[in-house]
Every structure is written in C-alpha cells, then in structure tokens.
Amino acid sequence: MLLKNHPFAVEAFFDYSIVLTFAIPKAQLAALIPPCLELDTLHDQYGFIAVAMVQTKHLRPKGFPKFMGNDFFLVGYRIFVRYTNRAGKRLRGLYILKSETDKKKMEWLGNFFTHYNYTTAAIKQTKSGNMQTIASPDFKVSLDLAAENVPLPAGSPFADWKEARRFAGPLPFTFQYNAATKKVLIVEGMRENWTPSPLQVMDQQFSFLAPYNNAVLANAFIINNIPYQWKKGKLETWQ
C-alpha cells in the first residue's frame, strides 16, 4: 500500500525527547532486522535498542498551518542499523520495531501512512519537584531532571559520554523493508538545535525488553524544544 510509505513530508515541534538506549549482545538482535540491513554495533559485540519518548506539538503535513496539527506523546522502540544504498553509500539509521502513542487518532494515522506498528496505550506523565515519571501498563521510567555530572549507567559498555552519544539518536534515516517486493523505504529526518544532555535514570522497566535478559541500560539523554521534520519517503530496490 503506497500510502503507508510516508507519501508526504511531515513536521512537528518536540517539547522534549528522552532516549534510553540498551546494549544487547548482537546475536540476540540479528534475527529482528531484515537482510538488507546490518546491525550498528559497538566493538562488534553489542547491538542497541533505543526507546525514544517524545512529546510532540502541531504534528502535521509539512506546509499546513500549526492549528491543523495535533499533539501526541510517542514512544518508539528502534534498533540502530546501517544500510548500503544503490549508490554504494553507507547510511546509518534506525529500524522501527514498535511504536506507541497516547491517542487513538495517532495510532490510526500512523498505521495508515507508515509501517511503524502503532498501538495506543494509557500513558501517564507525572512530575514532583525535579522528578518525572512516565508510565503505561507496559513500561515505567523515573527520571531526575536536575541531576548534574551524571555518570554512565552501571554496566554500560561505553567508555564515556562522548562514545555513548553516538548511540543516542535520532539518526538521519529510518528504514523499512518489503520482502515481497524487495523494496527498501528510506525516510530522512531533519532537526535543529540537537544537543542532548545526559539524563539520570532512577528506575526503568520495559516489558518489550523482557525477552532480552542480557539488556543493559547503556545511556540516557534528554533534549528540549526541537523543530523536527520528516522528508517524503523514498523507495529503492535492494539487490
């Protein structure tokens, strides 16, 4: 269905974006991605699943006035991957496993125009002083927004925050693959003022990650107030 292939550009404003990235032995992730992609790994040992939680405002087709947009909370589970395109250029990006939203309208629109596998969840956000909690029936994250000199999470495979930043996202591209047609869908994202800050995670549980008993929280970042847009999707034949 062509309408699912990002048929037009989209723009939004991110009030904030929080990304938690989990390191998982690469052998556990290889079966989750299509053959056209390869895992983006650290030391050829770990692959990474990122959970992005984003509060969007005025999400709409590019060029439409803001009042026609919608505000949604989005949660995306993505694997860091690489893809070599027909021109031989290696692109670094994300492969979407699953997406959640707080509104049924976004689930319907997201699944009509994308392959991001949206479901609607009862997502609740609460703040108490410097603490923020984001929770649904399937996950819970507690954050200290005021913590300074945040250390890397215990057990992180990264040597420092500079190395960790490489797996913070968002990356320029997302990829989807249609095995029947051997077509790769490439969607390019564009953003402004993207300077993530390390974030102190006090507690986290994600039922989606339960099958990966070796998953380790590797980094966590937050960024605020970002204009963002997605270009119209591009299709190309793989092999």
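As a reminder, the structure under discussion sits directly above these lines.
Just so we're clear, the structure is a prediction, and the values are computed from it rather than from any experiment. (Residues numbered from 1 in each chain as written. Predicted model: local features only at pLDDT ≥ 70, side-chain atom pairs only at ≥ 80, totals over all residues. Heavy atoms only, no water.)

**Considerations on empty space enclosed by the protein**
And step 1. Per the counting criterion, the structure on display carries one cavity of 30 Å³ or more.
And step 2. Reported here for the largest cavity is a volume of approximately 40 Å³.
And step 3. Around the largest cavity, the lining residues are Ser17, Val19, Ala168, Gly169, Trp194, Pro196, Phe221, Ile222 and Ile223.
And step 4. At three residues, strand E14 (residues 216–230) tops the list of elements feeding residues into the lining of the largest cavity.
And step 5. When the residues that make up the lining of the largest cavity are grouped by side-chain class, the tally is seven nonpolar, two polar and no charged. (1 Å grid on protein atoms, 1.4 Å probe; cavity = no way out; pocket = protein on both sides within 12 Å on 5 of 7 lines; lining within 4 Å. Points joined across faces, edges and corners; volume = space filled by probe spheres on them. Helix = DSSP H or I, 4+ residues; strand = E, 2+ residues; numbered from the N terminus. Nonpolar A, V, L, I, M, F, W, Y, C, P; charged D, E, K, R; others polar.)

**Let's talk about the layout of surface pockets**
And step 1. Considered as a void within the structure, the largest pocket measures approximately 800 Å³ in volume.
And step 2. If you trace the largest pocket, you find 42 residues lining it, with Leu59, Leu74, Met106, Tyr118 and Trp230 closest to the centre.
And step 3. Of all elements in the fold, only strand E1 (10–25), strand E3 (46–61), strand E4 (73–84), strand E5 (90–101), helix H1 (104–113), strand E10 (173–178), strand E11 (183–191) and E14 reach the threshold of two or more residues within the lining of the largest pocket.
And step 4. Looking at which element gives the most residues to the lining of the largest pocket, the answer is E3, with five residues.

**Examining unusual backbone geometry**
If a residue is not glycine, its phi is most likely negative; likewise, a peptide bond is most likely trans.
And step 1. In this structure, His6 is a non-glycine residue whose phi angle is positive, near 50°.
And step 2. Examined against the element boundaries, His6 turns out to sit in the segment before E1.
And step 3. Taking the relative accessible area as the measure of exposure, His6 reaches 8% and is therefore buried.
And step 4. Of note in this structure, Asn149 is not a glycine but carries a positive phi near 50°.
And step 5. Tracing the sequence through the fold places Asn149 in the loop between strand E9 (139–144) and helix H2 (161–165). (Buried < 20%, exposed > 50% of the residue type's maximum accessible area, 1.4 Å probe, protein only.)

These results come straight from atomic positions and should not be treated as a statement about function.
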